[in-house]
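The chain contents come next:
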Amino acid sequence: MDDDETYDESITVEQADMFDKISNRERDILDACRWKKLDRLMEIAESPGGFVTDELRQSAWPLLLGLPTNAEATSPADSASWKDLPPHEEEYQVQLDVDRSFVNYPKHRNEAERNQQKEELSDLIVEVLRRYPYLHYFQGYHDICQVLLLVLPRPLRAPAVSRLSALRIRDFMLPTLSAATTQLRLIPDILHASDPALWRHLSTVQPFFALSGTLTMYAHDITTLGEITRLFDVLLAREPVFSVYMFAAIVRSRRQELFDTPEDEPEILHSILSKLPKPLDLEAIINSARQLFDTYPPETLPSWKNISRASVLKTARDVDACRRQTMHDGEEFFKRHSREIKLFEMRDMVRDRLWHYRRPAGAVGLAVLFGIVAYLLRARPASILGGNSSQGGLVAYLFALAARWTR
């Protein structure tokens, strides 16, 4: 028996009494968790109803995130020690967002109970940010954390949110949202491949309408706990890029409504697309997204080449491999991706500066100079960045050279 088929004793001890009282589907879920049958869990997550109950999700979700499936993931001492860590620079925004949480669900008996959950949510987010201070908070992160807080037992919450943040939604926690918007470029590619007429109709609309949904795993836009936990079943079971296919499926589900709006009114089309349809036929959308993914996999999409190799879309392309990644792996991917973004920003700055200094007589020379800069930005980033200064080193020298050249 290999490691993946190791019997998880803790699950059978905790759930032995309920094993005789559950349906075949529930038994199937528990069996897949006990024997770590990830392929079977994925099949169940994609099938109608997903993991059925929050009690079963407490076994399935941690496993999909690469955590132990019992409540001993962290000790009470570990859970308390985060309060002694230095504050994260974005904690002020956390509190602003937490104050707006728990609006749609769950139903609280009184305001004191709501405030208690808000305090728990704030502690959960702040703990993760203090333990992993390289992560950047984004508005809507609290919506994701709220779902995990309501489903998972307390000892599993911070470990689950930590792994989700570093290994599955890391692109959204970089210094800028450029990686998040780059992901959105896959949506027009999917539409172009699957429905050229619809793609043409929406050709004047930028795909930023999908940012709220993909950024928050749809937790900001779906207003019932039953629907969002059902969707989390499949989003945690599938690779992160599946969320993009979900939005493409949502767009396709509104085909007639979109064609009823003239294509020369992009503002209205954007407004329609930026809100999820109501009612939302979640099972049909999940099934449509799966079919789109199978028919037009990411590697066939033109914009896939623009996705960084350090992006979660590629580092978590294999769900089982992602489960085995460590928090250290996540941090290294983060650093690599951050450096790439900085270099691309530097390249654009160099290009803009050279354009500013352009003169017809020096056009050829500037083209050569820009080519040298572009090469060096990839080959020797440390020299280009000039140590700790993003304006120093070779870049500053080249700017000065360009200025002299074009006088």
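Residues numbered from 1 in each chain as written. Predicted model: local features only at pLDDT ≥ 70, side-chain atom pairs only at ≥ 80, totals over all residues. Heavy atoms only, no water.

Caption draft 1: Inspection of the side chain of threonine 216 at higher detail. Considering the arrangement of structural elements, one finds threonine 216 in the loop between α13 (211-215) and α14 (225-237). Threonine 216 sits in the buried class, given a relative accessible area of 2%. In contact with threonine 216, other than residues within four places in its own chain, are Gly140 and Ile144. (Helix = DSSP H or I, 4+ residues; strand = E, 2+ residues; numbered from the N terminus. Buried < 20%, exposed > 50% of the residue type's maximum accessible area, 1.4 Å probe, protein only. Contact = heavy atoms within 4.5 Å.)

Caption draft 2: Quick look at the pattern of salt bridges. Going through the model one piece at a time under the given rule, you end up with 24 salt bridges. As a salt-bridge pair, arginine 40 and glutamate 43 come within 2.8 Å of each other at their nearest N and O atoms. In this pair, arginine 40 and glutamate 43 both sit in helix α3 (residues 38-46), three residues apart, roughly one turn of the helix. For arginine 40, a relative accessible area of 31% translates into the label partly exposed. Put simply, arginine 238 and glutamate 239 hold a salt bridge, and the shortest N to O gap is 2.7 Å. (Salt bridge = Lys/Arg side-chain N within 4 Å of Asp/Glu carboxyl O.)

Caption draft 3: Quick look at the nonpolar core. Counting residues in each nonpolar core, the largest one holds 107 residues, and the members touching the most others are Leu41, Tyr141, Tyr218 and Leu231. When residues of this core are assigned to their parent elements, the largest contribution, nine residues, is made by helix α15 (residues 242-253). Sequence-distant contacts of tyrosine 218, defined by excluding residues within four places in its chain, comprise Gly213, Ile228, Leu231, Leu235, Ser243, Met246, Phe247, Ile250 and Leu276. (Core = buried A, V, L, I, M, F, W, Y, C linked by side-chain atoms within 4.5 Å.)

Caption draft 4: Just helix α4 (residues 54-64), in detail. Within α4, eight of the eleven residues are buried, leaving the element largely enclosed by the surrounding structure. Every buried residue belonging to α4 is among Leu56, Arg57, Ser59, Ala60, Trp61, Pro62, Leu63 and Leu64, and all of these are buried. Glycine 66 occupies a position one or two residues after α4 and carries a positive phi of about 85°.

Caption draft 5: Geometry of the confidence of the model for the protein chain. Averaged over all residues, the pLDDT of the protein chain is 86; the fraction at 70 or higher stands at 77%. Low pLDDT (under 50) marks residues 1-12, which in the prediction has 18 contacts with non-local residues, meaning those over four places away or in another chain. With pLDDT under 50 throughout, residues 382-392 is counted as low confidence; its partners more than four residues away or in other chains account for 22 contacts. (pLDDT = per-residue confidence, 0-100.)

Caption draft 6: View of empty space enclosed by the protein. Per the counting criterion, the structure on display carries two cavities of 30 Å³ or more. Each pocket or cavity is described by its volume, and for the largest cavity that value is around 150 Å³. Around the largest cavity sit 14 residues that line it, and Arg168, Ile169, Met217, Pro240 and Ser243 are the ones nearest its centre. A per-class count over the lining of the largest cavity returns nine nonpolar, three polar and two charged. By volume, the second largest cavity amounts to about 40 Å³. Listed by contribution, the elements that provide at least two residues to the lining of the second largest cavity are α9 (154-167) and α20 (319-324). If one sorts the elements of the lining of the second largest cavity by residue count, α9 sits on top with three residues. (1 Å grid on protein atoms, 1.4 Å probe; cavity = no way out; pocket = protein on both sides within 12 Å on 5 of 7 lines; lining within 4 Å. Points joined across faces, edges and corners; volume = space filled by probe spheres on them. Nonpolar A, V, L, I, M, F, W, Y, C, P; charged D, E, K, R; others polar.)

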